[in-house]
Structure formats: structure tokens, C-alpha cells
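As a plain string of letters, each chain reads:
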Amino acid sequence: DFEQLKARLVETKNFLENLASKHTVIVSHAIFLKALAAYIIHGDALDENLIKGFDDILVMDNTGVSKFMFNEEKKKWKIMSWNDLAHLAE
């Protein structure tokens, strides 16, 4: 249900913001990564319709790499790349 998903998103975002490491790799299903991006952008205003909108319009191919950066000083997120497939280039 949506409330459980939102709780997982809040927990994940808080966990990532408090990691001591400089770089972290997350492997997940596309729907959760889309929901995480939606939560990073919309924050507590996130609702089911916003997540559905992200799921409908954001494309994610298998093995795509998305890069999110958190600025600790400003407490702000930036999505640097979305679903980059360059690592598959021949």
C-alpha cells in the first residue's frame, strides 16, 4: 500500500543522507527507484498520483545507471543522470 511505500522511501532517504561513505551503490527495482526520485523531488507532498506519474513517464532500462548526489551542506539532492546505458557501449 502507498503508506508502506512512503515509509520505506522516508527510511531509505534518511539512511542515505546519514551514511558516512562518500559513494554508495543501490540496486533495486525500477518502480522503487522511480518512487525514490519522486520523493526526493516532491518530499512530503508525494502522493499516489505523483508516483504513478513518475512510473508512467520515466523510462528505465534494465542495467541503467542513475546518479543521485546529496549535498550535505545544503541538505539538497540533485539527480545527475537518469538510466545511463553508456557502460553497455560496444
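In the block above lies the structure referred to throughout.
The model shown is predicted, which means the values in this text are computed figures rather than measured ones. Counting restarts for each chain, with residues numbered from 1 along the sequence as it is written. Predicted model: local features are reported for residues with pLDDT of at least 70 only, side-chain atom pairs are reported and counted for 80 or more only, and whole-chain, interface and lining totals are derived from all residues. Side-chain numbers come from the whole structure's heavy atoms, not from hydrogens or water.

A few words on the pattern of salt bridges. Here, a salt bridge means any side-chain nitrogen of Lys or Arg that lies within 4 Å of a carboxyl oxygen of Asp or Glu. Evaluation of the coordinates by the stated rule reveals three salt bridges. Between Glu 17 and Lys 13 there is a salt bridge, with the nearest N and O atoms lying 3.1 Å from each other. Taken together, the residues span about one helical turn, with Glu 17 and Lys 13 both in helix α1 (residues 2-17) at a distance of four residues. The two residues Glu 17 and Lys 13 agree in class, both being buried. For the purposes of this entry, the term helix denotes a DSSP run of H or I that reaches at least four residues, the term strand denotes a run of E that reaches at least two, and both are numbered from the N terminus. Here's how the labels work: a residue is buried when its accessible area is under 20% of the maximum for its type, exposed when over 50%, partly exposed in between, all with a 1.4 Å probe on protein chains only.

Note on soluble globular proteins: their nonpolar side chains tend to be buried together. Only buried residues count toward a nonpolar core, which is a set of Ala, Val, Leu, Ile, Met, Phe, Trp, Tyr and Cys residues joined through side-chain atoms within 4.5 Å. In this structure, Leu 9, Leu 36, Leu 46 and Ile 51 are the most contacted members of the largest nonpolar core, which totals 14 residues. Contributions of two or more residues to this core are made by α1, α2 (30-42) and α3 (48-57). Ranked by residues supplied to this core, first place goes to α2 with seven residues.

The rule is short: rings of Phe, Tyr and Trp, with Trp giving its six-membered ring, pair when the centres are within 6.5 Å, and they are stacked under 30 degrees, edge-to-face over 60, tilted in between. Inspection of the entire model under this criterion finds two aromatic pairs. Relative to Trp 82, the ring of Phe 68 lies with its centre 6.3 Å away and its plane at 35°, an arrangement referred to as tilted. With Phe 68 in strand β1 (residues 65-71) and Trp 82 in strand β2 (residues 76-84), this pair connects stretches of sequence that are 14 residues apart. Here Phe 70 and Trp 77 contribute two aromatic rings whose centre-to-centre distance is 5.1 Å and whose plane-to-plane angle is 45°, an arrangement assigned as tilted.

This paragraph deals with a negative patch on the surface. Together, Asp 1, Glu 3, Asp 47 and Glu 48 make up a negatively charged patch on the protein surface. Structurally, the position occupied by Asp 1 is in the segment before α1. Residues with no salt bridge and a relative accessible area higher than 30% make up the patches, which join like charges within 9 Å and nonpolar side chains (Val, Leu, Ile, Met, Phe, Trp, Tyr) within 5 Å. In these tables, accessible area is a Shrake-Rupley quantity obtained with a 1.4 Å probe, and a residue counts as shielded only by the protein chains included in the view. The charged-residue count follows a simple rule in which Lys and Arg add positive charge and Asp and Glu add negative charge, with His and chain termini not counted at all. Lysine's charge is taken at NZ, arginine's at CZ, aspartate's at CG and glutamate's at CD.

Taking the relative accessible area as the measure of exposure, Lys 13 reaches 17% and is therefore buried. What Lys 13 contacts, discounting residues up to four positions off in sequence, is Tyr 39, Ile 40 and Trp 77. Contacts between residues were defined by any pair of non-hydrogen atoms, one from each residue, lying within 4.5 Å.

The next point concerns the environment of Lys 6. Looking at the secondary structure, you find Lys 6 in helix α1. Overall, Lys 6 belongs to the buried group, its relative accessible area being 15%. It is 9.3 Å that separates the C-alpha atoms of Lys 6 and Glu 48, two residues lying 42 residues apart in sequence. Setting aside residues no more than four positions away along its own chain, Lys 6 makes contact with Tyr 39, Asp 44 and Leu 46.

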